[in-house]
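Take a look at the letters that make up each chain.
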Amino acid sequence: MCDRGDHIVQELIQLLDSDPLIDEFGITILDGVDTVLEEHKLGMHLQAYLPAIAHASERLMELRALRDKTAAGWQKEMDSVSKVVCLLSGFCYTSWNERKRLLLTSHRFKSYKDVQRELHFSSLCQTKHPKSEFTWGHRRWLVSLFQENAKKEQVFELLDKELEVSLAIAKLYEKNYYCWSYREWLLDRVRSHITSTSVELGKTILLKDIRRLTDFASSNPSDCGASFYFCRLLLKYAAMYKPHELCEQHSLRSETQSSQQEQPNVDDSTSQDALINSNSVSQALAGDVDNNESGTRDACEGCILLNSTLDAVLGKWRRLEVAGSATTSTHKTLQELATKIRTVLQKEHDELL
């Protein structure tokens, strides 16, 4: 068992080193092979999993017990073994901590690419373990450490990329609490780095995320984490920027007209709710503004846009509540968030009028 486990672990290490672009890991049932790598997809046979994780975990503990942790050979082996344990388990806090210590002692945070490389490995682990709280914590640690001494443009680039990647992970597993908490933390980082010279960068990131969440929420009507995050995102946006800027940045008229012409026949009530929400949000985003008209009308259009989005989100939850799929407390919390957003919008609207 030990010899076979060592053989499988060495195979995994070689495959991980041979292809830095591996973007997915999973368990297979292919006969005759313990590991397989095709088109940047890494697979392991089901019967090879237990001997591999047993040997890798044992070897990790042995390496931790060694005293000379500054030797180049020890660092290289710890890097490889901890990768295997994180990839196979995802919930081993010890292996993630060892990676943190290793990254700090080996000074591998010299460039943006070094952080991207480690974040890419974390994303690979999350294709198999999307709800691993330790992996999400590792990502947060990486971003926090990098932003301390990095240039503001690089920080914004990293935050925008993380918002995009985390949403892709959310699609792998619905109602992923750790994912949505991490995304809200990223939004706080965006706000904390906005200064008078970087306002436009912050605006771009928030607007891109609103666009992403509009598409995601309309196709995942039962994901309560997405609904909460969407409302909080709109709240942060409304508190920081004028509503008409959202209208100026979105031009979806052609996309909306195309989707309306090719609407499918929907019989299922849940699908109907999703379609209604999708159309409501798309129609709100589709309203473009005549550049020759006043800024007051632009702001009014922005208020209509955000209010329409809120109506779509709250309307969905009202239907889920009636169907017994959502609790009254959840709906109440969303209503409170919506009230805060509308208060900000009304204040903005009154000032312009």
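Residues numbered from 1 in each chain as written. Predicted model: local features only at pLDDT ≥ 70, side-chain atom pairs only at ≥ 80, totals over all residues. Heavy atoms only, no water.

Trainee: Tell me about the nonpolar core, and name the residues and values.
Mentor: In this structure, Leu158, Trp180, Leu213, Phe216, Tyr229 and Leu233 are the most contacted members of the largest nonpolar core, which totals 38 residues. Secondary-structure elements contributing two or more residues to this core are α5 (112-126), α6 (133-147), α7 (152-170), α8 (177-192), α9 (199-219) and α10 (224-240). For this core, the element with the most residues is α7, which contributes 9 residues. With residues up to four places along the chain from it excluded, the contact list for Leu213 reads Leu167, Trp180, Arg183, Ala226, Tyr229, Phe230 and Leu233. Counting residues in each nonpolar core, the second largest holds 30 residues, with Leu15, Leu16, Phe25 and Ile53 among its members. (Core = buried A, V, L, I, M, F, W, Y, C linked by side-chain atoms within 4.5 Å. Buried < 20%, exposed > 50% of the residue type's maximum accessible area, 1.4 Å probe, protein only. Helix = DSSP H or I, 4+ residues; strand = E, 2+ residues; numbered from the N terminus. Contact = heavy atoms within 4.5 Å.)

Trainee: Lay out α8 with the relevant residues and their values.
Mentor: Relative to the 22 Å expected for 16 residues at 1.5 Å per residue, α8 spans 23 Å between its end C-alpha atoms, a close match to the ideal helical length. Burial in α8 covers these residues: Cys179, Trp180, Tyr182, Arg183, Trp185, Leu186, Leu187, Arg189 and Val190. (Expected span 1.5 Å × (residues − 1).)

Trainee: Mind laying out the pattern of salt bridges, listing which residues take part and the relevant values?
Mentor: All told, the structure shown has 15 salt bridges when counted by the stated rule. Its salt-bridge partner being Glu98, residue Arg64 comes within 2.8 Å of it at the nearest N-O pair. Placement of Arg64 in helix α2 (residues 46-65) and of Glu98 in helix α4 (residues 93-105) is noted, with a sequence separation of 34 residues between them. The class for Arg64 is partly exposed, based on a relative accessible area of 34%. Residue class for Glu98 comes out buried when judged on its relative accessible area of 4%. Note that Arg99 and Asp79 form a salt bridge whose closest N and O atoms lie 2.9 Å from each other. Of this pair, Arg99 sits in helix α4 while Asp79 sits in helix α3 (residues 72-88), and the two are 20 residues apart along the sequence. Just as Arg99 is buried, Asp79 falls in that class too. Residues participating in the shared-partner salt-bridge network are Asp160, Arg183, Lys208, Asp209 and Arg212. (Salt bridge = Lys/Arg side-chain N within 4 Å of Asp/Glu carboxyl O.)

Trainee: So what's going on with the sheet that holds strand β2 (residues 35-38)? Which residues, and what values?
Mentor: Read from one edge to the other, the open sheet built from 3 strands follows the order β1-β3-β2, with strand pairing classed as mixed. Across the chains shown, the open sheet's two edge strands, defined by having one partner strand only, are β1 (24-28) and β2. Each strand axis lies, on average, 20° off the axis of its neighbour in the sheet, ignoring direction. Pairing of β1 with strand β3 (residues 41-45), which is carried by 5 bridges, proceeds in the parallel orientation. Each residue of the ladder has a partner; that of Thr28, found in β3, is His45. Against the sheet, α2 contacts β1 and β3, and its axis sits at roughly 85° relative to β3. (Pairing = 2+ DSSP bridges. Axes fitted to C-alpha atoms, helices over the stretch in contact; angles between N-to-C directions.)

Trainee: How would you sum up a nonpolar patch on the surface? Please name residues and give values.
Mentor: Taken together, the side chains of Ile27, Ile29 and Leu46 make up a nonpolar region of the molecular surface, amounting to roughly 300 Å² of accessible area. Turning to its location among the elements, Ile29 is positioned in the loop between β1 and β2. Looking at Ile29, the relative accessible area reads 68%, which means it is exposed. (Patch = residues over 30% accessible without salt bridge, like charges linked within 9 Å, V, L, I, M, F, W, Y side chains within 5 Å. Areas by Shrake-Rupley, 256 points an atom, 1.4 Å probe, with all protein chains shown as cover.)

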